[in-house]
Amino acid sequence: MTSVFINYRTGDGEKTAALIDQELSRRFGSDRIFRASKSIAPGQVYPDELLRRLRRSAVLLAVIGPDWTNFQSRLHDPEDWVRKEIMEAFACELPVVPVLDGRKTDRLNARDLPAELARLTEIQSVPFSTQDADTGLKRLGDVVADMVPGLRDLDRDTALPPSPDSVTNSIGDVSGTAVQSRDFTGDVGGTVIKGSTGPVHTGQGDIYQNSRHESGNRHFSGSGMTYFEGNHHGDIRHQFGEPDGHEDGR
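Residues numbered from 1 in each chain as written. Predicted model: local features only at pLDDT ≥ 70, side-chain atom pairs only at ≥ 80, totals over all residues. Heavy atoms only, no water.

**A look at unusual backbone geometry**
Next, step 1: Unlike most non-glycine residues, Glu 93 shows phi in positive territory, near 60 degrees.
Next, step 2: Mapped onto the elements, Glu 93 comes out in the loop between helix H5 (81-91) and strand S4 (96-101). (Helix = DSSP H or I, 4+ residues; strand = E, 2+ residues; numbered from the N terminus.)

Here it is as structure tokens:
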């Protein structure tokens, strides 16, 4: 189903219409956005397909450039497709959003329009400028997402909130291998800490570093020996020197 129908006049807004199509297609899916030069396939009957897709749409964006009202003969021509699409949207009671293309494009004035299109002057418009296209495109995307039921669910720019049981980690300035895991079954092989400048606590249990040891009589070997037993919180301090009398000679 088409959600957004883009109405534009060649020579007065087709580039902006293409930009809008590109961005809305990215956010919501190309099949949800109709732009005639893109969406009507070769061999299809143009008038029939255009009206069929318009009647199945949820909103019409009317791209209005600085010369839009200068096409007076076309605006008064019942067979002009820009006029016909807007009139059909009115007849189907579809919301119509005028998109004012360019900073020099003013709001429409009823004096410049045929009576059948004068209703456009009463509709709240959305300004758009290619000089700040990203902001304008985002705003248009947000506008149609709010207007069309279900479109917000397709929005690729809507960040999904983390589930209650999810795990989120942030790691910066890592040189080497970093592994993130939620649950462990079995042993974790070891802990490597490099360049520590403050207290380090690795968790629960006994820790031996670079030693030959025996439980009970506590025989240690080596200068700079580190031994921990039980749970540890706080500083870790080393004292380096020659083996003392407790050295067992192994």
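**Digging into H5**
Next, step 1: Inspection of H5 places Val 82, Arg 83, Glu 85, Ile 86, Glu 88, Ala 89 and Phe 90 among the buried residues, and these make up the whole buried set.
Next, step 2: Contact partners of the buried residues in H5: strand S1 (4-7), helix H3 (46-55), strand S3 (59-64), helix H4 (72-75) and S4.
Next, step 3: Directly beyond the C-terminal end of H5, a positive phi value near 60 degrees is found at Glu 93. (Buried < 20%, exposed > 50% of the residue type's maximum accessible area, 1.4 Å probe, protein only. Contact = heavy atoms within 4.5 Å.)

**Quick look at the pairing of S4**
Next, step 1: Judged by how many residues are buried, S4 sits mostly within the fold: six of six residues are covered.
Next, step 2: Residues Val 96, Pro 98 and Leu 100 point to one face of S4 and Val 97, Val 99 and Asp 101 to the other, with burial holding for every one of them.
Next, step 3: Where S3 lies against S4, five bridges are found, and the strand directions are parallel. Opposite Ile 64, over in S4, you have Leu 100 as the bridge partner.
Next, step 4: Bridging between S4 and strand S5 (residues 126-128) involves three bridges; their strand directions are parallel. Pairing of Asp 101 across the sheet is with Phe 128, part of S5. (Pairing = 2+ DSSP bridges.)

**Let's talk about the packing of aromatic side chains**
Next, step 1: Within this structure, the stated rule accounts for two aromatic pairs.
Next, step 2: Aromatic side chains Phe 5 and Phe 34 sit 4.6 Å apart centroid to centroid with 15 degrees between the ring planes, which places their arrangement in the stacked category. Of the two residues, Phe 5 is situated in strand S1 and Phe 34 in strand S2 (residues 33-34); the sequence distance between them amounts to 29 residues.
Next, step 3: Given a relative accessible area of 0%, Phe 34 falls into the buried group.
Next, step 4: Here the aromatic rings of Tyr 46 and Trp 81 are separated by 5.9 Å at their centres, their planes lie at 75 degrees, and the arrangement is edge-to-face. Note that Tyr 46 is positioned in helix H3 and Trp 81 in helix H5, a separation of 35 residues in sequence.
Next, step 5: Given the relative accessible area of 36%, Tyr 46 is considered partly exposed.
Next, step 6: Over the aromatic face of Trp 81 sits the side chain of Lys 84, whose NZ or CZ is 4.4 Å from the ring centroid.
Next, step 7: Directly above the ring of Phe 90 sits Arg 119, whose terminal nitrogen or CZ lies 4.4 Å from the centroid. (Phe/Tyr/Trp six-rings, centres within 6.5 Å; stacked < 30°, edge-to-face > 60°. Lys NZ or Arg CZ within 6 Å of the ring centre and 35° of its normal.)

**Some words on the nonpolar core**
Nonpolar side chains tend to gather and get buried jointly when the protein is soluble and globular.
Next, step 1: Leu 60, Trp 68, Ile 86, Val 96 and Leu 120 are the most contacted members of the largest nonpolar core, which totals 24 residues.
Next, step 2: Mapped onto this core, the elements with two or more residues apiece are H3, S3, H5 and S4.
Next, step 3: Residue contributions to this core peak at four residues, all from H5.
Next, step 4: Residues contacting Ile 86, with those up to four places away along its chain left out, are Asn 7, Leu 60, Ala 62, Trp 68, Leu 117 and Leu 120.
Next, step 5: Counting 23 residues, the second-largest nonpolar core is a separate cluster that includes Ile 20, Ala 58, Ala 133 and Leu 137. (Core = buried A, V, L, I, M, F, W, Y, C linked by side-chain atoms within 4.5 Å.)

**Examining the pattern of salt bridges**
Next, step 1: One pass over the structure, following the stated rule, counts 16 salt bridges.
Next, step 2: Among the ionic pairs, Asp 155 bridges to Arg 27, the shortest N-O distance being 2.5 Å. With Asp 155 in the loop between helix H6 (133-147) and strand S6 (207-209) and Arg 27 in helix H1 (residues 14-28), the pair connects residues that are 128 residues apart, well separated along the chain.
Next, step 3: Under the relative-accessibility criterion, Asp 155 is labelled buried at 7%.
Next, step 4: The structure contains a network of salt bridges with shared partners spanning Glu 23, Arg 26, Arg 27, Lys 138, Asp 142, Asp 146, Arg 152, Asp 155 and Asp 157. (Salt bridge = Lys/Arg side-chain N within 4 Å of Asp/Glu carboxyl O.)

**Describing H1**
Next, step 1: In this model, H1 (15 residues) spans 21 Å end to end at C-alpha, consistent with the 21 Å of a helix rising 1.5 Å per residue.
Next, step 2: Here H1 has its buried residues at Thr 16, Ala 17, Ile 20, Asp 21, Glu 23, Leu 24, Ser 25, Arg 27 and Phe 28.
Next, step 3: Immediately downstream of H1, the backbone of Gly 29 shows phi near 105 degrees, a positive value. (Expected span 1.5 Å × (residues − 1).)

**A look at the environment of Asp 67**
Next, step 1: Relative to the helices and strands, Asp 67 is located in the loop between S3 and H4.
Next, step 2: Given the relative accessible area of 36%, Asp 67 is considered partly exposed.
Next, step 3: With 56 residues separating them along the chain, Asp 67 and Gly 11 place their C-alpha atoms 8.7 Å apart.

**Comments concerning the sheet that holds S4**
Next, step 1: Pairing within the open sheet is parallel, and its five strands lie in the order S2-S1-S3-S4-S5. Single-partner strands in this sheet number two, and they are S2 and S5.
Next, step 2: Lying over the sheet, H1 contacts S1, S2, S3, S4 and S5, oriented at roughly 145 degrees with respect to S3.
Next, step 3: Contacts between H3 and the sheet are confined to S1, S2 and S3, with S1 contributing the most and set at about 130 degrees to the helix. (Axes fitted to C-alpha atoms, helices over the stretch in contact; angles between N-to-C directions.)

The values reported here are purely geometric and, on their own, carry no functional implication.
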